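# Fold and geometry: a report
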There are 4 protein chains.
Amino acid sequence: LTSESGATLDAMWARGRAVDIASDEAWLRAMVKVEVALAAASAKVGLIPETDARRIESVSRDLTLDTAAIAREASATGTPIMALVERLRIAVGPEVAGSVHQGATSQDIVDTASMLVAVGAIAAIVEDLAGASEAAAGLGARHRATAIAGRTLLQQAVPTTFGLKAANWMLGLDRATDRLAEIRRTGLAVQLGGAAGTLAGYGGHGQRIAAEMAGRLGLSDPVVPWHTERTRIGDLASALGVAAGAVAKPARDIVLLAQTEVAEVEEGVADRGGSSAMAHKHNPVAAIAAVACTQRSIGLVTTLLASMAQEHERAAGNWQAEWVPLRQLLITVDSAVTWLRDSLEHLIVRPEAMARNLGSEGSPDVGDAPALVDEALRAHRARPSP
Amino acid sequence: LTSESGATLDAMWARGRAVDIASDEAWLRAMVKVEVALAAASAKVGLIPETDARRIESVSRDLTLDTAAIAREASATGTPIMALVERLRIAVGPEVAGSVHQGATSQDIVDTASMLVAVGAIAAIVEDLAGASEAAAGLGARHRATAIAGRTLLQQAVPTTFGLKAANWMLGLDRATDRLAEIRRTGLAVQLGGAAGTLAGYGGHGQRIAAEMAGRLGLSDPVVPWHTERTRIGDLASALGVAAGAVAKPARDIVLLAQTEVAEVEEGVADRGGSSAMAHKHNPVAAIAAVACTQRSIGLVTTLLASMAQEHERAAGNWQAEWVPLRQLLITVDSAVTWLRDSLEHLIVRPEAMARNLGSEGSPDVGDAPALVDEALRAHRARPSP
Amino acid sequence: LTSESGATLDAMWARGRAVDIASDEAWLRAMVKVEVALAAASAKVGLIPETDARRIESVSRDLTLDTAAIAREASATGTPIMALVERLRIAVGPEVAGSVHQGATSQDIVDTASMLVAVGAIAAIVEDLAGASEAAAGLGARHRATAIAGRTLLQQAVPTTFGLKAANWMLGLDRATDRLAEIRRTGLAVQLGGAAGTLAGYGGHGQRIAAEMAGRLGLSDPVVPWHTERTRIGDLASALGVAAGAVAKPARDIVLLAQTEVAEVEEGVADRGGSSAMAHKHNPVAAIAAVACTQRSIGLVTTLLASMAQEHERAAGNWQAEWVPLRQLLITVDSAVTWLRDSLEHLIVRPEAMARNLGSEGSPDVGDAPALVDEALRAHRARPSP
Amino acid sequence: LTSESGATLDAMWARGRAVDIASDEAWLRAMVKVEVALAAASAKVGLIPETDARRIESVSRDLTLDTAAIAREASATGTPIMALVERLRIAVGPEVAGSVHQGATSQDIVDTASMLVAVGAIAAIVEDLAGASEAAAGLGARHRATAIAGRTLLQQAVPTTFGLKAANWMLGLDRATDRLAEIRRTGLAVQLGGAAGTLAGYGGHGQRIAAEMAGRLGLSDPVVPWHTERTRIGDLASALGVAAGAVAKPARDIVLLAQTEVAEVEEGVADRGGSSAMAHKHNPVAAIAAVACTQRSIGLVTTLLASMAQEHERAAGNWQAEWVPLRQLLITVDSAVTWLRDSLEHLIVRPEAMARNLGSEGSPDVGDAPALVDEALRAHRARPSP
């Protein structure tokens with residue numbers, strides 16, 4: 001048995017654009033982008049020649065990176081930056097080499113690159129969340145008065161409407177979206193501090209360079225370097241954890257509504273969810289995959305929050321522990337959102353089954369459910385675009 | 001051996017006002033307060049007589065609650081509300097009994113009461129965080145230029161200043177404070193939905209009653225009932241988790257700086273931290289207690305995030321799983337903050353030890369550290385009052 | 001509103017004997033018991049007079065402990081031991097005072113007391129697990145051939161028997177039981193090391209004293225002091241976490257089987273699970289409470305595993321972080337087990353509903369399910385008594 | 001910028017053989033191996049022709065698997081098995097195709113393959129743990145009487161010996177090793193149940209086939225199928241979590257001992273741990289990497305324990321959530337162990353620095369420390385080979 005490489009089964013549940021946006025290679029590319037921005041900003045304040053900065057930028061565009069070799073070297077030294085910087089210095093030539101990575105420390109580049117990756121991944125997540133929310137809003141509007149059994153503790157209680165259920169899904173997704181959008185706008189900052197966070201290598205120009213880099217990279221300008229002040233990472237991780245929770249809720253509801261004995265909804269994707277052995281089965285594959293992805297996110301958030309206590313000017317382990325979980329969390333949450341959006345966009349709703357399960361004759365009393373749906377949709381539409 | 005009851009060793013690490021604000025009894029009192037507000041709001045829209053609402057309010061003021069008996073009954077029925085409502089109905093007398101708890105479901109009362117408790121506890125946490133941050137700001141200002149070894153991976157790197165270290169502590173605490181203050185302002189909403197979240201028992205007045213309750217109780221008015229839409233709980237839990245991380249960072253730094261071999265800071269509280277056996281020891285008790293409290297918070301946030309997937313109109317286990325961890329988290333984080341504030345306010349700083357460890361002669365190059373401290377303090381002071 | 005103290009709403013979901021066995025007071029009593037055992041063992045090797053040991057034992061029997069005051073003092077000093085030892089020394093009188101706590105450090109007493117508490121709580125948990133397993137075994141035997149829809153991904157697949165489902169519940173409970181019983185037999189050791197774990201205060205008799213204490217207290221004799229070697233705590237915490245998982249599985253199945261639309265089982269406890277508003281409802285309260293308790297256990301295990309990295313000879317925070325979560329975990333898991341046992345012992349099974357949901361006529365093909373039940377029951381009965 | 005694929009930066013902290021043993025490709029190969037064993041066992045009981053089994057085995061040996069395509073198909077159907085079985089059926093030809101995967105369900109193959117992967121990875125982890133423990137034992141023996149400051153709460157307390165510290169590291173590693181070895185011997189079982197776990201597709205031969213497969217694959221024979229009885233996974237995950245804790249303890253101690261101001265140990269690997277900017281720095285890279293890896297393991301264990309509640313006969317999300325975390329945990333823990341072993345095997349110990357920090361003249365009283373080391377080494381050597 002031999003197998004051809006190039007893809008991984010890890011990707012099995014991975015959906016959405018964050019898979020590529022937060023890949024190892026994308027992260028490496030982001031690090032190069034940060035070095036380019038640092039050089040440009042350093043030139044702007046006169047710390048290095050403009051020609052050097054332009055040379056670094058042009059060379060970086062054609063730079064071929066052997067991620068395997070870089071990973072090997074990184075594994076030996078404990079940082080991917082040295083291997084990257086060395087390649088960049090060789091590529092620009094000996095006259096310009098000194099202008100590469102000037103005054104920076106590894107964490108400046110790694111953290112800023114992580115923020116760039118996060119910006120991109122959050123954009124995808126926010127867009128997918130918005131799509132999922134839109135699908136839920138559509139279900140809410142169409143079924144604002146469709147009676148369904150209200151179920152508490154998984155027992156039928158008094159009636160509600162399917163639309164109100166969907167409107168609640170929508171509102172949870174909206175709240176998660178808004179928080180992530182806010183973090184993208186204000187919480188992701190450039191990192192520049194040098195060896196001990198004092199900007200000692202920049203001759204007093206450090207803060208201007210950081211501000212310039214922030215502008216070029218579309219990140220916030222932090223007040224001071226934040227090497228071991230990790231509330232930004234904590235905020236990001238927990239907003240992603242809350243988004244996972246906002247996805248898990250409708251996903252689990254759909255799985256329950258799709259049960260054979262309930263059969264009030266069905267995922268209407270042809271050729272999916274079938275069973276080779278059992279033709280009658282129709283598994284809500286997308287909702288189940290969303291549940292699986294959200295379940296994975298719990299532990300990733302735990303690790304990121306548990307790693308916030310970072311020692312002195314750079315942590316001995318807790319910083320390094322962030323790298324993989326942060327990118328996995330971005331990928332896993334986007335996967336969850338993408339699966340849920342798929343499920344919601346293809347959801348077949350069975351009002352007749354809802355009525356049958358309810359055992360109601362005539363019009364059951366659904367209280368203010370339709371009015372509450374209207375209220376929820378108004379709030380949904382009144383939100384500023386994320 | 002006999003022991004007298006009334007206090008618990010659990011309280012050993014518990015500090016701060018949240019211990020009382022989020023106690024079981026306070027939660028019970030909050031539930032009564034919610035019933036009173038519900039009655040008042042119901043009277044306002046004409047659903048029950050004004051005299052009934054006034055009777056409920058006046059009776060509730062003198063109501064004696066036997067928490068032990070209520071806990072026993074609650075344990076049998078799975079909800080503390082029935083026991084409470086029954087006592088309230090008996091207290092107001094048979095004519096008014098029907099106006100108590102009208103149209104509400106247990107979760108309406110429990111959730112709203114939890115939000116009231118959270119409002120109070122967050123107020124305490126925010127105030128204590130502000131105090132800790134102020135102490136860090138003072139250290140930052142006083143030591144803006146006090147040279148200290150920058151330490152990366154726990155190895156001495158290039159110099160920085162103790163003031164910049166303290167300024168970073170301050171900024172982390174400020175970010176955590178601002179997020180919690182924001183959640184208190186907008187994220188804690190009244191809950192009112194009735195049996196299945198449709199406000200069916202309120203004759204079309206449900207939303208007005210909820211709005212009126214929100215005003216009376218100082219909570220937000222949610223768009224619709226949020227019985228199983230738990231992003232509010234997720235937001236609250238994770239903001240508390242991030243606050244714990246913002247506390248853990250300085251607490252751990254202080255423990256490291258106080259090491260015998262480093263001895264750059266000391267907690268200056270007489271009669272604390274000594275060892276009966278070893279007179280020369282001076283343990284940084286407050287910082288260590290802060291670490292212990294933050295360590296506990298990790299798991300509590302995990303449980304709360306993992307419990308966000310709540311089924312249909314009321315969850316079968318995940319809602320009930322929130323109660324204890326949420327209040328413990330409020331208490332534990334306030335304890336952590338209070339211990340840290342204590343540590344910071346009593347911190348004795350040893351510039352001469354910092355210089356000695358640095359092994360520097362003359363003036364070490366601390367880069368822009370003093371200017372960065374000034375910048376951080378400007379940002380600190382420019383914030384709107386939380 | 002006033003409330004009488006003495007009980008807490010935290011106790012609401014708390015069931016089983018571990019509530020008392022692992023209470024704060026029980027822990028305090030266990031600490032006194034450890035001091036008595038230390039004195040007796042010290043007398044045995046001739047380190048203190050026999051009469052002193054006897055005096056300490058007799059005095060400790062009548063010692064009244066004001067837990068409130070001890071908690072207050074403990075909170076100031078960061079350890080409950082000093083306050084306890086001081087009281088014990090006063091009680092035995094000045095001549096004997098020097099023989100109290102001789103050579104020991106706080107952690108010796110706290111850890112050994114925790115192990116004593118754990119031994120007792122595990123005994124209760126093991127007994128309750130055995131009871132729950134026995135109830136599941138009974139269901140397995142009675143329904144070895146009762147056809148029920150096999151459900152995969154919550155969709156009906158091919159048939160199985162309810163007995164096989166129950167047999168799987170039983171096997172999971174048995175595996176969790178056996179592991180906890182093994183830990184109780186071999187994994188819970190006495191702690192004695194003195195200030196830095198070298199037994200320096202015992203004149204070369206330390207190991208014999210530890211062995212003697214182990215014998216008297218029914219604990220294992222560790223090879224060496226284990227102040228910061230916390231695999232015993234990790235093993236205990238994770239065995240409890242696995243037990244919670246073994247409980248969560250049947251509890252969740254029962255909640256699903258009891259759904260209104262499925263109605264294949266019901267918890268047959270009169271006057272419980274009813275709804276004041278909805279007489280037709282019959283909530284599976286015990287299974288739901290079990291789910292809630294297991295959900296809480298997740299985070300507690302996380303904190304305990306995350307706290308295993310304890311510095312040098314005594315940790316600065318991670319040890320102190322263990323105390324409350326360890327006892328809460330013992331209580332929560334016993335509560336979960338007790339609720340599940342209650343649910344299983346009162347479970348009403350509806351074979352006719354199972355057949356109806358299956359939609360089968362005649363005898364559905366349940367494969368080897370009955371034979372597998374027999375096999376499982378054989379394995380269950382062949383186990384040595386835990 | 002372009003990058004060549006084939007390796008990932010995720011691998012940066014990944015060390016040890018589990019990286020390959022638990023890779024996606026290895027998992028795929030293990031699934032093929034399980035199909036071969038199933039065919040052979042089915043032939044043995046006469047369910048399929050012997051020639052079919054032999055054909056399946058010989059074809060599988062040369063089977064080329066395009067993991068990328070399989071991952072794509074798996075992502076669409078929610079299981080990697082269908083894509084794999086289809087390829088295998090095509091490869092063996094139409095006459096034999098029916099004998100492939102006969103009577104099995106996807107989870108039978110995936111779970112059994114996971115157990116095979118776990119067996120291999122645990123073998124590597126156990127061997128690396130044994131190596132790390134041996135290195136710690138060597139340090140213990142060499143420094144049984146080397147005085148060092150005992151440190152409690154990171155403050156110097158009374159003296160101990162470096163050997164006793166190392167002996168404690170060794171004992172923790174040994175306990176973790178023994179538990180993992182026990183799980184490998186008895187806790188990893190073959191999975192065979194068919195669509196609903198009743199062995200319905202095997203004409204009464206199912207249990208014999210499972211037993212035969214267990215023998216061929218070196219796994220345990222479970223009493224009955226364990227599709228949703230996940231205590232085996234819980235046991236495995238938590239034993240790995242405890243192993244991570246046993247690694248984190250010495251790793252953190254080494255980082256602390258290597259601090260500039262303490263300087264009692266150093267990692268003696270040339271060309272590693274240096275800083276491009278600061279030649280005097282010597283970072284304990286291996287210990288720091290071990291800390292980072294153990295930190296990541298916490299969240300993975302959390303997810304696996306939180307996923308144990310699996311519904312009915314196959315879970316809707318929680319089973320699927322196990323796949324990636326389980327393999328990542330195996331890899332991460334082996335990486336942690338390998339880094340620690342590296343650190344311990346290259347550790348340079350500075351007795352003179354220990355004496356200097358201790359500030360002791362003559363022979364400090366180290367109590368029974370040397371005797372305790374001897375005792376620990378005796379216990380270490382008396383263990384049966386893992």
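Presented here is a report on the structure given in the accompanying data block. Every value quoted in this text rests on a predicted model; they were computed, and no experiment measured them.

## Some remarks on the overall build of chain A
Within chain A, the secondary structure is distributed over 14 helices and 6 strands. Expressed as lengths along the three principal axes of its C-alpha atoms, the size of chain A is roughly 85 × 55 × 35 Å. Expressed as a percentage of the 386 residues in chain A, the buried residues total 69%. Considering only contacts in chain A between residues 6 or more positions apart, those separated by 24 or more positions represent 79%. Taken as a whole, chain A presents about 11400 Å² of accessible surface, with 50% of it coming from carbon and sulfur. With 36 positive and 44 negative side-chain charges, chain A shows a separation of 2 Å between the mean positions of the two kinds.

## Some details on the relation of the copies chain A and chain B
In screw terms, the move from chain A to chain B is a rotation of 180° and a rise of 0.0 Å along the axis, fitting with an RMSD of 0.0 Å. Taken together, these values place the two copies in the relation of a two-fold axis.

## Considering the pairing of strand β3 (residues 147–152) of chain A
Residue and element names in this part refer to chain A. Judged by how many residues are buried, β3 sits mostly within the fold: 6 of 6 residues are covered. Pairing analysis gives 5 bridges linking β3 to strand β4 (residues 155–161), with the strands arranged antiparallel. The partner of alanine 147 across the bridge, within β4, is threonine 161. Connecting β3 to the next strand, β4, in antiparallel fashion are 2 residues, including leucine 153 with a positive phi near 55°.

## Side note on the packing of helix α2 (residues 24–44) of chain C against helix α9 (residues 206–217) of chain C
All names here are of chain C. Put simply, α2 and α9 touch, their axes get as near as 9 Å, and they point 130° apart. Between α2 and α9, the angle falls in the class oblique. In the crossing of α2 with α9, the sense of the turn from one axis to the other is right-handed. In this structure, α2 contributes Lys33, Val34, Ala37, Leu38, Ala40, Ala41, Ser42 and Lys44 to the contact, and α9 contributes Ile209, Glu212, Met213, Arg216 and Leu217. Here the contact of α2 with α9 is composed, by residue class, of 8 nonpolar, 1 polar and 4 charged.

## Observations concerning the relation of the copies chain C and chain B
At an RMSD of 0.0 Å, chain C and chain B line up after a rotation of 180° and a shift of 0.0 Å along the axis. Mapped onto chain B, 100% of the interface residues of chain C are again interface residues, and the two copies thus contact each other with one and the same surface.

## Concerning the interface of chain C and chain B
The partner chain B presents 70 residues to the 70 residues of chain C that form the contact. For the pair chain C and chain B, the number of links is 1 salt bridge. Glutamate 311 of chain C serves as the salt-bridge partner of arginine 252 of chain B, at 4.0 Å between the closest nitrogen and oxygen. Taken together, the connections running from chain C to chain B amount to 6 residue pairs in polar contact (both at pLDDT 80 or more). Looking at the side of chain C that touches chain B, the elements with two or more residues in it are β1 (2–4), α2, α3 (50–62), β2 (64–66), α4 (67–77), α10 (231–257), α11 (285–306) and α12 (323–345) of chain C. With 11 residues, the top contributor of residues to the side of chain C that touches chain B is α11 of chain C. A breakdown of the residues in the side of chain C that touches chain B according to their chemical character gives 34 nonpolar, 22 polar and 14 charged.

## Things to note about the environment of valine 158 of chain B
Note that valine 158 of chain B resides in strand β4 (residues 155–161). Separated by 206 residues in sequence, valine 158 of chain B and proline 364 of chain B have C-alpha atoms that sit 8.9 Å apart.

## What about the packing of aromatic side chains?
Within the structure shown, the criterion is met by 12 aromatic pairs over all chains. Ring centres of phenylalanine 162 of chain C and tryptophan 169 of chain C lie 5.8 Å apart, and the angle between their planes is 85°; on these two criteria the pair is classed as edge-to-face. According to the relative accessible area criterion, phenylalanine 162 of chain C is buried, its value standing at 0%. These aromatic residues form a ring-pair network of at least three members: Trp27, Trp319 and Trp323 of chain A. Of note, arginine 15 of chain D hangs over the ring of tryptophan 339 of chain D, and the distance from its end group to the ring centre comes to 3.9 Å.

## Observations concerning the interface of chain A and chain B
Across the contact, 72 residues belong to chain A and 72 residues belong to chain B. If you look at where chain A meets chain B, you find 4 salt bridges. The tally of links between chain A and chain B comes to 25 residue pairs in polar contact (both at pLDDT 80 or more). Contributions of two or more residues to the side of chain A that touches chain B are made by β3, β4, α8 (162–186), α9 (206–217), α10 (231–257), α11 (285–306) and α14 (369–382) of chain A.

## Points about helix α13 (residues 351–358) of chain B
All names here are of chain B. Every buried residue of α13 is listed here: Ala353, Met354, Asn357 and Leu358. All buried residues of α13 lie within an arc of 135° about the axis, which places them on one face of the element. A positive phi of about 65° marks glycine 359, the residue just after α13.

## A look at the environment of arginine 216 of chain D
Residue and element names in this part refer to chain D. Looking at where arginine 216 falls in the secondary structure, it is placed in helix α9 (residues 206–217). Using a relative accessible area of 47% as the deciding quantity, one classes arginine 216 as partly exposed. Taking the C-alpha atoms as reference points, arginine 216 and leucine 38, separated by 178 residues in sequence, lie 9.5 Å from one another.

## A look at the side chain of threonine 160 of chain C
Note that threonine 160 of chain C resides in strand β4 (residues 155–161). Classification of threonine 160 of chain C as buried rests on a relative accessible area of 2%. Beyond its immediate sequence surroundings of up to four residues, threonine 160 of chain C is in contact with Thr146, Ala147, Ile148, Ala149, Gly150, Val366 and Ala369 of chain C together with Ala196, Thr198 and Glu313 of chain D.

## As for the pattern of salt bridges
Taken as a whole and assessed by the stated rule, the structure comprises 101 salt bridges over all chains. A salt bridge links glutamate 127 of chain B to arginine 17 of chain B, with the shortest nitrogen-to-oxygen separation between them at 3.6 Å. Here the residue glutamate 127 of chain B occupies a position in helix α7 (residues 106–142), and arginine 17 of chain B occupies one in the loop between β1 (2–4) and α1 (18–21), the gap between them amounting to 110 residues. Given the relative accessible area of 47%, glutamate 127 of chain B is considered partly exposed. Classification of arginine 17 of chain B as partly exposed rests on a relative accessible area of 38%. Residue lysine 44 of chain C is joined to glutamate 212 of chain C by a salt bridge in which the shortest nitrogen-to-oxygen separation is 3.5 Å. In this pair, lysine 44 of chain C sits in helix α2 while glutamate 212 of chain C sits in helix α9, placing the two residues 168 residues apart along the sequence. Where salt bridges share partners, they join Arg17, Glu127, Asp128, Arg341 and Glu345 of chain A into one cluster.

Rules used in this analysis
- Residues numbered from 1 in each chain as written.
- Chains lettered and ligands numbered in written order.
- Predicted model: local features only at pLDDT ≥ 70, side-chain atom pairs only at ≥ 80, totals over all residues.
- Heavy atoms only, no water.
- Helix = DSSP H or I, 4+ residues; strand = E, 2+ residues; numbered from the N terminus.
- Buried < 20%, exposed > 50% of the residue type's maximum accessible area, 1.4 Å probe, protein only.
- Contact = heavy atoms within 4.5 Å.
- Areas by Shrake-Rupley, 256 points an atom, 1.4 Å probe, with all protein chains shown as cover.
- Lys, Arg positive; Asp, Glu negative; His and termini not counted.
- Charge placed at Lys NZ, Arg CZ, Asp CG, Glu CD.
- Least-squares fit on C-alpha atoms with pLDDT ≥ 70 in both.
- Pairing = 2+ DSSP bridges.
- Axes fitted to C-alpha atoms, helices over the stretch in contact; angles between N-to-C directions.
- Parallel < 35°, antiparallel > 145°, perpendicular 65-115°, else oblique.
- Left-handed = near helix turned anticlockwise from the far one by under 90°.
- Nonpolar A, V, L, I, M, F, W, Y, C, P; charged D, E, K, R; others polar.
- Salt bridge = Lys/Arg side-chain N within 4 Å of Asp/Glu carboxyl O.
- Polar contact = N/O pair within 3.5 Å; in protein donor to acceptor, adjacent residues only side chain to side chain.
- Phe/Tyr/Trp six-rings, centres within 6.5 Å; stacked < 30°, edge-to-face > 60°.
- Lys NZ or Arg CZ within 6 Å of the ring centre and 35° of its normal.
- Arc of directions from axis to C-beta.

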